[in-house]
Amino acid sequence: MTEDILCAFKKAGIDITDKQALQFDAMIGFLQDYCTRVNLTAIRDRQGIIEKHLVDSVLPVTLADVGEKSRCMDIGTGAGFPAVPWLIYREDLRFTLLDAQRKRTDYLTLLMKELGIKAEIIHGRAEELGRKAGYREGYDIVTARAVSDIPTLLKYSAPFLKKGGRLLAMRGSRDELTADVEKAAEKLGLTLSGVKEYCLPGGDGRRLAVFIKVELRSAFL
Ligand code: SAM
């Protein structure tokens, strides 16, 4: 039964295929079952997962003009949000899923096997991985939903981005984007290129803050 999934995406203005709806359905079942043993998310009811995890994850990729085959890093991916819904919606993307908690990366390894989707899953901390060759300045896109405060997230993200690469920071509607944030971004060679405000079909407000890496500041990171 995937009508509810198709309908929720439709309400958000997003058309998904039947195959994608089935993959989302499998993802929901796997998450709900796993959460009976391991606490991964407070949102566990089907409707909540559909709207607050799946639709919420996919909306930004429809707003941000993400190039084909972009190499993407999801910092603090948790139970795979937004990365796994992006990979279902956009099969062409290449993702690294990074989280500091082993219980989450263990879950993701099993989930990806279940869904038959390929991605690199790393248990580690952004501030350490960003220094390593192969990761540093290697990404077109960094995503992060509900991770840290914005100045800290900027520090985590900047090392991963290529020149011209973008951080898509998914925030709640009340997060402050003050002048301090713009200053912090500038120090890291980033610039705030825009903030998109939108609502989930249920009415919850969201903000997508987009930062572009305009200068390589490797020496200072
Ligand atoms: N992005 C997911 C979501 O929206 O459902 C999870 C958000 S959860 C509030 C924040 C996640 O970031 C946690 O899973 C935590 O382990 C991870 N995290 C926090 N600091 C991190 C760091 N420095 N490096 C990697 N992961 C980190």
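Note that the coordinates shown come from a computational prediction; the quantities given were computed from them, not determined experimentally. (Residues numbered from 1 in each chain as written. Predicted model: local features only at pLDDT ≥ 70, side-chain atom pairs only at ≥ 80, totals over all residues. Heavy atoms only, no water.)

1. Digging into the site of the ligand
So, step 1. Within the structure, the ligand sits among 15 residues, and G76, F81, D99, E127 and R145 are positioned closest to it.
So, step 2. For the ligand, a nitrogen atom lies 2.8 Å from a polar atom in the backbone of G76.
So, step 3. Within the complex, the protein chains bury 80% of what would otherwise be the 600 Å² of accessible surface of the ligand.
So, step 4. Residues of the shell around the ligand, tallied by class, amount to five nonpolar, five polar and five charged. (Near = heavy atom within 4 Å. Polar contact = N/O pair within 3.5 Å; in protein donor to acceptor, adjacent residues only side chain to side chain. Areas by Shrake-Rupley, 256 points an atom, 1.4 Å probe, with all protein chains shown as cover. Nonpolar A, V, L, I, M, F, W, Y, C, P; charged D, E, K, R; others polar.)

2. A few points about the pattern of salt bridges
So, step 1. Counted according to the given criterion, the structure contains twelve salt bridges.
So, step 2. Measuring nitrogen to oxygen at the nearest pair gives 2.8 Å for the salt bridge that ties R46 to D25. Of this pair, R46 sits in helix α3 (residues 46-63) while D25 is found in helix α2 (residues 18-35), placing the two residues 21 residues apart along the sequence.
So, step 3. R46 sits in the partly exposed class, given a relative accessible area of 23%.
So, step 4. D25 sits in the partly exposed class, given a relative accessible area of 22%. (Salt bridge = Lys/Arg side-chain N within 4 Å of Asp/Glu carboxyl O. Helix = DSSP H or I, 4+ residues; strand = E, 2+ residues; numbered from the N terminus. Buried < 20%, exposed > 50% of the residue type's maximum accessible area, 1.4 Å probe, protein only.)

3. A few points about the pairing of strand β1 (residues 71-75)
Look at any regular strand and the pattern is simple: side chains alternate between the two faces of the sheet.
So, step 1. By the criterion of burial, β1 is predominantly enclosed, with five of the five residues buried.
So, step 2. Neither face of β1 is exposed, since R71, M73 and I75 on one face and C72 and D74 on the opposite face are all buried.
So, step 3. Where β1 and strand β2 (residues 94-99) come together, five bridges link them in parallel fashion. Bridge pairing in β2 places R71 opposite R94.
So, step 4. Tracing the backbone out of β1, into helix α4 (residues 83-89) and back to the parallel element β2 gives a crossover that is right-handed.
So, step 5. For β1 and strand β4 (residues 139-145), the ladder comprises three bridges, and the chain directions are parallel. (Pairing = 2+ DSSP bridges. Right-handed = clockwise from strand over helix to strand, strands pointing away.)

4. Here we look at the layout of surface pockets
So, step 1. One number sums up the size of the largest pocket: a volume of about 340 Å³.
So, step 2. Every residue lining the largest pocket is counted, 19 residues in all, and those nearest its centre are H53, F81, R145, A146 and V147.
So, step 3. Sorting the residues of the lining of the largest pocket by element identifies α3 and β5 (161-172) as the ones contributing at least two each. (1 Å grid on protein atoms, 1.4 Å probe; cavity = no way out; pocket = protein on both sides within 12 Å on 5 of 7 lines; lining within 4 Å. Points joined across faces, edges and corners; volume = space filled by probe spheres on them.)

5. What to know about helix α1 (residues 3-11)
So, step 1. Looking only at α1, the buried set comprises D4, I5, A8 and F9. Taken around the axis of α1, the buried residues stretch over an arc of 130 degrees, which confines them to a single face. Counted as exposed and oriented over 90 degrees from the buried face of α1: E3, K10 and K11.
So, step 2. Of the residues trailing α1, G13 is marked for its positive phi of about 85 degrees. (Arc of directions from axis to C-beta.)

6. Description of the sheet that holds β4
So, step 1. Taken in spatial order, the seven strands make up an open sheet running β3-β2-β1-β4-β5-β7-β6, and their pairing is mixed. The sheet is open, and its two edges are formed by β3 (120-123) and β6 (190-199), each paired on a single side. Across the sheet, the mean angle from the axis of one strand to that of its neighbour is 20 degrees, orientation sign disregarded.
So, step 2. One ladder, built from six bridges, connects β4 with β5; its direction is parallel. Pairing of R145 across the sheet is with M170, part of β5.
So, step 3. The strands touched by α3 are β4, β5, β6 and β7 (205-213); relative to β6, the strand with the most contacts, the crossing angle is about 130 degrees.
So, step 4. Relative to the sheet, helix α5 (residues 102-115) contacts β2 and β3, its axis offset from that of β3 by approximately 165 degrees. (Axes fitted to C-alpha atoms, helices over the stretch in contact; angles between N-to-C directions. Contact = heavy atoms within 4.5 Å.)

7. Focus: α3
Note on helix geometry: an α-helix contains 3.6 residues per turn, so any two residues three or four positions apart are oriented the same way.
So, step 1. The terminal C-alpha atoms of α3 lie 25 Å apart, and with 18 residues this matches the ideal 26 Å at 1.5 Å per residue to within 8%.
So, step 2. The largest bend along α3 reaches roughly 35 degrees and is located at V55.
So, step 3. Among the 18 residues of α3, 13 are classified as buried, and the element is accordingly described as predominantly covered.
So, step 4. Of the residues trailing α3, D65 is marked for its positive phi of about 55 degrees. (Expected span 1.5 Å × (residues − 1). Bend = angle between axes of the 7 residues up to and from the residue.)

8. Examining the packing of aromatic side chains
So, step 1. Per the stated rule, a full pass over the model turns up six aromatic pairs.
So, step 2. Geometrically, the ring pair formed by Y34 and Y107 is edge-to-face, given 4.7 Å between the ring centres and 65 degrees between the ring planes. With a gap of 73 residues between them, Y34 in helix α2 and Y107 in helix α5 connect regions that are remote in the sequence. Taken as a pair, Y34 and Y107 share a single burial class, namely buried.
So, step 3. Here Y139 and F160 contribute two aromatic rings whose centre-to-centre distance is 5.9 Å and whose plane-to-plane angle is 85 degrees, an arrangement assigned as edge-to-face. Of this pair, Y139 sits in strand β4 while F160 sits in the loop between α7 (150-157) and β5, and the two are 21 residues apart along the sequence.
So, step 4. Here Y139 falls in the buried class, since its relative accessible area comes to 0%.
So, step 5. One aromatic cluster is present, built from ring pairs that chain together F30, Y34 and Y107.
So, step 6. Positioned over the ring face of Y34 is R37, at 5.3 Å from the centre of the ring.
So, step 7. Directly above the ring of Y139 sits R71, whose terminal nitrogen or CZ lies 4.0 Å from the centroid. (Phe/Tyr/Trp six-rings, centres within 6.5 Å; stacked < 30°, edge-to-face > 60°. Lys NZ or Arg CZ within 6 Å of the ring centre and 35° of its normal.)

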